[in-house]
Amino acid sequence: MELAKITSKGQITLPIGIRRALKLKDGDKIAFIEQNGQYVLANPTMLAIKQLQDAFDGFAEENGLTTEDDVVALVKELRGERKQ
């Protein structure tokens, strides 16, 4: 368990172990997510990437994309449609 002290301005310093685990660097933001009455800290960039991965889960199988060449062909097809 890691602890952090709250200053009179409501600020905390995240312990180095937590910053490393969340891959946070100076200037990054953190997300506070409520889950069942408890709050969880998360790296919002990593959270966004995970949400995108979840949104596209199964897309390849549903569209018959089995190889990297299939994906490249689809990208070229979509780019061609947008240029018209």
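A.B. asks: Which residues make up the pairing of strand S2 (residues 38-42), and what values go with them?
C.D. replies: Where strand S1 (residues 31-35) and S2 come together, five bridges link them in antiparallel fashion. Within S2, the residue paired with Glu34 across the bridge is Tyr39.

A.B. asks: Before we move on, could you go through the pattern of salt bridges and cite the residues and values that matter?
C.D. replies: Applying the stated criterion across every chain yields a total of two salt bridges. Among the salt bridges present, the one from Asp28 reaches Lys25, with a minimum N-O distance of 3.4 Å. On the accessibility criterion, Asp28 (33% relative accessible area) is partly exposed. Given the relative accessible area of 61%, Lys25 is considered exposed.

What counts and what doesn't
- Per-chain numbering applies: the sequence of each chain, read as written, is numbered from 1 onward.
- The model is predicted, so local features are restricted to residues of pLDDT at least 70 and side-chain atom pairs to those at 80 or more, both for listing and for counting; the totals for chains, interfaces and linings are taken over all residues.
- Calculation of side-chain values draws on the structure's entire complement of heavy atoms; hydrogens and water are dropped beforehand.
- Pairing between strands is defined by DSSP: at least two bridges between them are needed.
- Helix and strand assignments come from DSSP, with helices taken as H or I runs of at least 4 residues and strands as E runs of at least 2, each series counted from the N terminus.
- Here, a salt bridge means any Lys or Arg side-chain nitrogen found within 4 Å of an Asp or Glu carboxyl oxygen.
- Accessibility here uses a 1.4 Å probe with only protein chains present; expressed as a share of the type maximum, an area under 20% marks a residue as buried, one over 50% as exposed, and anything in between as partly exposed.

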